[in-house]
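# Descriptive analysis of the structure
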Amino acid sequence: MSTETPLRPRERNRPRPVRPAGTELLTPEATRRSLEAAALALLLTAGVLGFGPSFGGDARYLVAGLGGVVLGLGLAAAAVARRWGGWAIAGAAGGTYLVFGSALAAPVEAAAGVLPTPGSLRVLVLGLVFAWKDLLTVAPPVGTAGGMLVVPFLLSLLAALAAGLLAWRVRGAYWPALPILALFAAGIAFGTKDVPLPGLRALLLAAGLLVFLSYRRARAQSASAAPQAALGSAPARAARLRRRVYGAAVLAAAAALSLAAAPLLGTDLDRKVLRDTVEPPVDLFNFPSPLTDFRRYVKDNAETTLFTVQGLPEGQRVRLAAMDAYDGVVYNVSGQAAGGFARVGDAGTLGGGSADGEAATLQFEIRDYNGAWLPSGGDVRALRPGGDRARDIAAGLYHDAGTGTMLATAGVQSGDSYETAVVFPEEYDDAQLAQYGFAQTAMPRLQQDPPIIGAKAAEFAGEETTPIQRVRQLQQILATEGYFSNGKDGQTPSLPGHGAARMVSLLDAEQMVGDDEQYAVAMALMARKLGIPARVVMGFYPDWEELEGMPEKVEITGDDVHAWVEVEFERVGWVPFFPTPDEDNEPVPPQQQPKSTPKPQVLQPPPPPQEPAELPPDTAADPQDADEKDEDLWKSVSGILRMLGLASLPLVLLFGPLLLILAIKRRLRIKRRTSGGTAQRVAGGWREVLGAAADLGVMVSGRRTRRQDAAALGRAFPLGAEATAALARRADAGVFGPGDPTEEEVGAYWEDVEKVRVSLTGTAGFWQRQRARYSLRSLRLESRLASRPRPHGARRGWFAGLFGRLRGGASKVTRRTGAAQDPRGPLG
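This one's a predicted model, so the numbers in the text were calculated from it and none came from an experiment.

### Things to note about the overall build of the protein
The number of helices and strands found in the protein is 26 helices and 18 strands. By residue count, 43% of the 828 residues in the protein fall in the buried class. Taken as a whole, the protein presents about 45,500 Å² of accessible surface, with 58% of it coming from carbon and sulfur.

As structure tokens, then:
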């Protein structure tokens, strides 16, 4: 006692062994959560990539989205570790959004692109309300200014936070899939018609999510395993290995089927996204058609410099607007036949047409031109406003990539300047265009067009069948048989406008007289009546032959205004045509006819009565019209079927194997119940019980008697032990007993089999029942029992039964003798 007492204080003060730093971070639980966080980040990245087309490939959207994923998972881990409540989690998420949002979601407004400023905080706060609308109403690429990055950053932050909390706080294995799928769907909804990396994203989501959820499900089962599921470690490991092999095979087959079937279903179907259903905020009816000012430029501003352009290649044209809608009064811009007008977010990167052509940079200086339509040229790729009103022009800038038309709600006026990067499309000759047909483009319906348009179109086109020749016929007849006059002093009178009455006066006159406005509209209308996609373009270009050399700046006056027609050919695009006659082709005054001397009027007798004219009988419908209607109906039906096939492909890939398994099991159950004699059908009923137990995880070896198998099932399913043992005894009696079972006995036996099956599945949970429904264990058991060689005693009993039946009788006695040698006997 005395020797031990003084040692106790020293033992308490003895230094404890020092653990290596960070050892507590390497616990199995921490490692598991780290791996799950990495898997969640990878799955959420598939959804973030869906925002790529909206930002035109700018990598800053990816930085914002992945930053939100990392911050969200970090918040979820901190909330689980510190056991935060709902209000604490909400407060932490809001603070994280404001602190890190300046660097990730508002880099343009942030100081040095990172530090918060009042402007960046304002963008973050207002972006919670307005960023969603802006992302859908701004033409892609939307840019990174004005809160455009708020949507991918905020959605990624919230999705990652929800996925982490559901993975580490909720027991359910499948709950984390909800925010992952929600972010993936949001990337599609807020994206464009362009599909970014479809194969990679689909494989990453489908395969990765399946593996992740399977891992969580297996972990949940191992944590709370049911007693009946444990039949030894070796069978359990074998079952897990088989599940993994089957899962990998299903994924591989689904991927191969997707790649093989996608080209067959077609890729020309439009992809529907949210921006297709959002109305553009600009109302084009507030801006009159530029074609209505055509004569004003020609007569009042012929010598006035409207603007100057620098960098315009020789022979090219400046476009003002492309018009595709006609209402009987004016040809106007609709935006329905092409991409539609959308507000520009990043004017430095605009979507254009084909990349083939001549690139140029045009610098415009506005003089006496004013209006909302911005002069440009070719396919516009970028616009950089300058001057004092640069911010106003950029704030209200709208662009239609399909027509190459730009609109500024603030308008341009004297003193404004801007620079555009454009690509002038490649030009094709008639020999090249003869290889292509007209493009299948939806155009706005013509309204109030006069009937003479269709009649003259058929007359001018004649019997030409080649697409380019039909268009050339319209152009050449107007250009060669028409006369030019824009109504100036000293010229032949020519009325302005291009309404229905003016078209009638142009085409129904002995001499066609007009200028670009009338001839371009007439040709476009006639082409439309022939089913040709055509539109009217108004723009400017000088008389290149009159220019001395190539000046640095080209001055555009009112005398340089022109209008022409564009027709779209497949795989080529819009091709210009110029139907206006030469300006020196003036009309010839009609010759003066001699005046006739009037004769005295004589009263003429009334005409004799005439017989009523015989009207032709009603004719039946033209068979050709009926064939065309049937063809149109088939096109509509086939289009709908293709869309349904494309939409159902994911369902077929996901649920096709499951439906196939159900069909095979149903066919096997029917075969067991109806095929063979009554004794064989009784044996089939017992196999049905064994198959149901196998699907629930209790496998039999196939090398024991029915009663031994029933005892094993009774230990696994105690509630149904008595009923299972009774079925085993009745099956032995039906197979080895004297006499064959009657049909009533077989029916009663199968009714009891169904009751036992229901009682066995009733002991399992919902997900275990679904898993058993699509399990392949019962099919493997049936294959093993069917291919197992019969014992020697059973074979001899079968022959003895055969000879007994031939003698007229003791088959059952012989089977019973065989059963004495092999108590189990053959299963059927």
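### Re the packing of aromatic side chains
One pass over the structure, following the stated rule, counts 13 aromatic pairs. Taking the centre distance of 5.8 Å and the plane angle of 10 degrees together, the rings of Phe55 and Tyr61 count as stacked. Relative to Phe578, the ring of Trp564 lies with its centre 6.0 Å away and its plane at 40 degrees, an arrangement referred to as tilted. Note that Trp564 is positioned in strand E17 (residues 561-569) and Phe578 in the loop between strand E18 (573-577) and helix H18 (623-674), a separation of 14 residues in sequence. With relative accessibility at 1%, the residue Trp564 sits in the buried group. Note that Arg296 overlies the ring of Tyr297, its terminal NZ or CZ placed 4.7 Å from the centroid. A cation over an aromatic ring shows up here: Arg535 above the ring of Trp574, its NZ or CZ 3.8 Å from the ring centre.

### Observations regarding the packing of helix H6 (residues 150-169) against helix H7 (residues 177-189)
Where H6 contacts H7, the two axes come as close as 8 Å, and the packing angle between them is 165 degrees. When the axes of H6 and H7 are compared, the pair comes out roughly antiparallel. Crossing handedness for the pair H6 and H7: left-handed. Contacts between H6 and H7 involve Leu155, Ser156, Ala159, Ala162, Ala163 and Leu166 on the former and, on the latter, Pro179, Leu183 and Ala186. Residue classes in the contact of H6 with H7 are distributed as 8 nonpolar, 1 polar and no charged.

### Looking at the confidence of the model for the protein
Confidence in the prediction of the protein, expressed as mean pLDDT, is 79, and 75% of residues score 70 or more. Taken together, the stretch residues 1-15 has pLDDT below 50 and engages in 0 contacts with residues farther than four places along the chain or on a different chain. Contacts from residues 226-232, a stretch scored under 50 in pLDDT, to residues over four places away or in other chains number 5 contacts.

### Some points on helix H4 (residues 86-104)
In a regular helix each residue adds 1.5 Å, so 19 residues correspond to 27 Å; H4 covers 25 Å between its end C-alpha atoms and thus fits that length. Within the sequence span of H4, burial applies to Ile89, Ala93, Thr96, Tyr97, Gly101, Ser102 and Leu104. Buried residues in H4 make contact with helix H3 (60-82), helix H5 (118-137) and H6.

### Section: the sheet that holds strand E1 (residues 138-139)
Two strands in a sheet stick together by hydrogen bonds in their backbones, pointing the same way (parallel) or opposite ways (antiparallel). Sheet architecture is open: 5 strands sit in the order E1-E6-E10-E11-E8, paired in mixed fashion. Two strands close off the open sheet at either side, each with one partner strand: E1 and strand E8 (371-373). Direction of pairing for strand E10 (residues 397-400) relative to strand E11 (residues 405-412): antiparallel, over a ladder of 4 bridges. The residue bridging Asp400 from the neighbouring strand is Thr405, located in E11.

### A closer look at unusual backbone geometry
Notably, Ala112 is not glycine yet its phi reads approximately 60 degrees, a positive angle. Structurally, Ala112 is set in the loop between H4 and H5. Ala112 gets classed as exposed once you look at its relative accessible area, which sits at 77%. Even without a glycine there, the phi angle at Arg571 is positive, about 65 degrees. As for its position among the elements, Arg571 is in the loop between E17 and E18.

### Considerations on the side chain of Thr308
Following the sequence through the fold, Thr308 ends up in strand E2 (residues 305-310). Contacts of Thr308, omitting those with residues within four sequence positions, involve Gln363, Phe364, Glu365, Arg367, Lys553, Val554 and Glu555.

### So, the sheet that holds strand E9 (residues 379-386)
The antiparallel open sheet is built from 5 strands, whose spatial order is E9-E12-E7-E2-E16. Each edge of the open sheet is held by one strand with a lone partner, namely E9 and strand E16 (553-557). Neighbour to neighbour, the strand axes of the sheet diverge by 25 degrees on average, direction disregarded. Relative to strand E12 (residues 417-425), E9 is paired through 7 bridges, and the arrangement is antiparallel. Bridge pairing in E12 places Leu383 opposite Thr420.

### Things to note about the packing of helix H14 (residues 451-461) against helix H16 (residues 500-507)
Viewed as axis vectors pointing N to C, H14 and H16 meet at an angle of 40 degrees, and their least axial separation amounts to 9 Å. In terms of crossing hand, the pair formed by H14 and H16 is left-handed. The residues of H16 that touch H14, namely those facing Ile452, Ile453 and Lys456, are Met503, Val504 and Leu507. Broken down by class, the residue content of the contact of H14 with H16 amounts to 5 nonpolar, no polar and 1 charged.

### Some thoughts on the nonpolar core
Where a protein is soluble and globular, its nonpolar side chains tend to be buried together. Leu291, Phe307, Tyr331, Tyr369, Trp373, Val567 and Phe569 are the most contacted members of the largest nonpolar core, which totals 83 residues. Per-element accounting of this core gives the leading share, 9 residues, to helix H17 (residues 516-529). Filtering out sequence-adjacent residues up to four positions away, Tyr369 remains in contact with Tyr297, Leu306, Phe307, Leu320, Pro375, Val412, Gln413 and Ser414. Membership of the second largest hydrophobic core comes to 54 residues, among which are Ala93, Val142, Met148 and Val151.

### As for the pattern of salt bridges
In this structure the tally under the stated criterion is 27 salt bridges. As a salt-bridge pair, Glu688 and Arg757 come within 3.6 Å of each other at their nearest N and O atoms. Linking Glu688 in helix H19 (residues 678-695) with Arg757 in helix H22 (residues 743-762), this pair joins segments that are 69 residues apart in sequence. The salt bridge partner of Arg730 is Asp752, with a shortest N-O separation of 2.4 Å. Remark: Asp752 occurs in helix H22 and Arg730 occurs in helix H21 (residues 721-736); sequence separation between them is 22 residues. Residues joined by salt bridges that share partners form a network here, namely Arg669, Arg672, Arg687, Glu688, Glu754, Arg757 and Glu782.

### Topic: the pairing of E18
As judged from the 5 bridges shared by E17 and E18, these two strands associate in the antiparallel manner. Pairing of Glu566 across the sheet is with Pro576, part of E18.

### Quick look at the pairing of strand E15 (residues 534-540)
Within a regular strand, side chains alternate between the sheet's two faces. Counted residue by residue, E15 has 7 buried out of 7 residues, so it is predominantly covered. Both faces of E15 are covered, namely the face carrying Ala534, Val536, Met538 and Phe540 and the face carrying Arg535, Val537 and Gly539. As judged from the 5 bridges shared by strand E3 (residues 318-323) and E15, these two strands associate in the antiparallel manner. Counterpart to Ala321 in the pairing with E15 is Met538. Examined bridge by bridge, E15 and E17 share 7 bridges and lie antiparallel to one another. Of the residues in E17, the one forming a bridge with Met538 is Ala563.

What counts, and where the lines are drawn
- All residue numbers refer to position in the chain's written sequence, counted from 1.
- Residues qualify for local features only when their pLDDT is at least 70, as the model is predicted, and side-chain atom pairs are given and counted only at 80 or more; totals for whole chains, interfaces and linings, by contrast, use all residues.
- Values reported for side chains reflect all heavy atoms of the structure, with hydrogen atoms and water molecules removed beforehand.
- Every helix listed is a DSSP run of H or I at least four residues long, and every strand listed is a run of E at least two residues long, numbered separately from the N terminus.
- The classification of residues rests on relative accessible area computed with a 1.4 Å probe and restricted to protein chains. Under 20% of the type maximum is buried, over 50% is exposed, and intermediate values are partly exposed.
- Here the Shrake-Rupley method, with its probe set to 1.4 Å, supplies the accessible areas, and only the displayed protein chains count as covering residues.
- For this analysis, a ring pair means two rings from Phe, Tyr or Trp (six-membered ring only for Trp) whose centres lie within 6.5 Å, classed as stacked if their planes differ by under 30 degrees, edge-to-face if by over 60, and tilted for the remaining angles.
- Charge over a ring is defined by NZ of Lys or CZ of Arg lying within 6 Å of the ring centre and within 35 degrees of the ring normal.
- For helices, the fitted axis covers only the stretch in contact; all axes are lines through C-alpha atoms, and the angles between them, taken along N-to-C directions, range from 0 to 180 degrees.
- These descriptions rest on fixed angle ranges, namely under 35 degrees for roughly parallel, over 145 for roughly antiparallel, 65 to 115 for roughly perpendicular, and the rest for oblique.
- Crossing handedness is read from the near helix: turned anticlockwise from the far helix by less than a right angle, it gives a left-handed crossing, and turned clockwise, a right-handed one.
- A contact between two residues is defined here by any heavy atoms of the two lying within 4.5 Å.
- We call Asp, Glu, Lys and Arg charged. Ala, Val, Leu, Ile, Met, Phe, Trp, Tyr, Cys and Pro are nonpolar, and the rest, Gly among them, are polar.
- Each residue carries a pLDDT score, the predictor's confidence in it, ranging from 0 to 100.
- Residue count minus one, scaled by 1.5 Å, sets the expected span of a helix.
- Strand pairing requires that DSSP identify at least two bridges connecting the strands.
- By nonpolar core we mean a set of buried residues, namely Ala, Val, Leu, Ile, Met, Phe, Trp, Tyr and Cys, connected to one another through side-chain atoms within 4.5 Å.
- Basic side-chain nitrogens of Lys or Arg form a salt bridge, by our definition, when they fall within 4 Å of a carboxyl oxygen of Asp or Glu.

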